[in-house]
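These are the residues of each chain, in order.
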Amino acid sequence: MSHTLGIRQAQKQKTRQAFLDAALALLEEQSLSSLGLREVTRAVGVAPTAFYRHFRSTADLGVALVDEALGSLHPMVRTTVSTAGDSEERITRAIELIAHHVDAHPAHVRFIARERHGGVQPVREAIQSQLARFAEEVKAELAKDPQAEGWSDDDVLMLAHLYVDQMLITASLFLETLEGSAEERERVAQQATRQMRLISIGRRHWLD
């Protein structure tokens, strides 16, 4: 009996993942608000009624995509602001990690960039919730740095949000260069480096 249940559960998970993969592919060219349920089920090759065994709505599907796109990134985001190395090393490490992630998961990055301010409220809220978690985790890393001595919790959190926002901006810029030249990617890396340096300079002199 348990073996049969295990097979069913594995099949259910496989079908659920098929819905997520199909939706992500369809969202390469459109927003979630314009995505039709039948469009997704047709891509998976199942009847529309099968969709409701896994998701309540396309908004619910979108929230699951947010979890898939951002949920696994928490360790990487913390690493980008790790206290290891000097300021320039941290900046270089952060930009390299972001570029690598965009190369590996462009559809996820595009989905988040588009839906962060999109028309589906539960998805917007799910993205904001994940970004708030990122900011809290970055804050915890920044608080370990001697530069944070004397800073209020609110100011450290403000700085954390600046870093998270900059990571998103950098990811979006790298996304635009996926079909471009090495020179375009280098320009994005240089621009991101300058922007990160500006944040670092402000950080060093905040208490002056």
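For the structure, check the block above.
As a starting point, this report considers the structure included with it. (Residues numbered from 1 in each chain as written. Predicted model: local features only at pLDDT ≥ 70, side-chain atom pairs only at ≥ 80, totals over all residues. Heavy atoms only, no water.)

Considerations on helix 4 (residues 58–70)
Structurally, the α-helix is built with 3.6 residues per turn, so residues lying three or four positions apart point the same way.
Next, step 1: Between the first and last C-alpha of helix 4 there are 18 Å, a value that for 13 residues agrees with the 18 Å anticipated at 1.5 Å per step.
Next, step 2: Buried residues of helix 4: Ala59, Asp60, Leu61, Gly62, Ala64, Leu65, Val66, Ala69 and Leu70, and no others. (Helix = DSSP H or I, 4+ residues; strand = E, 2+ residues; numbered from the N terminus. Expected span 1.5 Å × (residues − 1). Buried < 20%, exposed > 50% of the residue type's maximum accessible area, 1.4 Å probe, protein only.)

A word on the packing of aromatic side chains
Next, step 1: One pass over the full model with this rule turns up five aromatic pairs.
Next, step 2: Ring geometry for Phe51 versus Phe55: centroids 5.6 Å apart, planes at 40 degrees, classification tilted.
Next, step 3: One aromatic cluster is present, formed by Phe19, Phe51, Tyr52 and Phe55 through successive ring pairs. (Phe/Tyr/Trp six-rings, centres within 6.5 Å; stacked < 30°, edge-to-face > 60°.)

Concerning the nonpolar core
Next, step 1: In terms of nonpolar packing, the biggest core is built from 56 residues, with Val66, Phe111, Val138, Leu142, Tyr163 and Phe174 touching the most fellow members.
Next, step 2: Per element, the largest residue contribution to this core is nine residues, and it comes from helix 9 (residues 153–175).
Next, step 3: Dropping the residues within four chain positions of it, Leu142 is found in contact with Val81, Ala148, Val156, Leu159, Ala160, Tyr163 and Arg203. (Core = buried A, V, L, I, M, F, W, Y, C linked by side-chain atoms within 4.5 Å. Contact = heavy atoms within 4.5 Å.)

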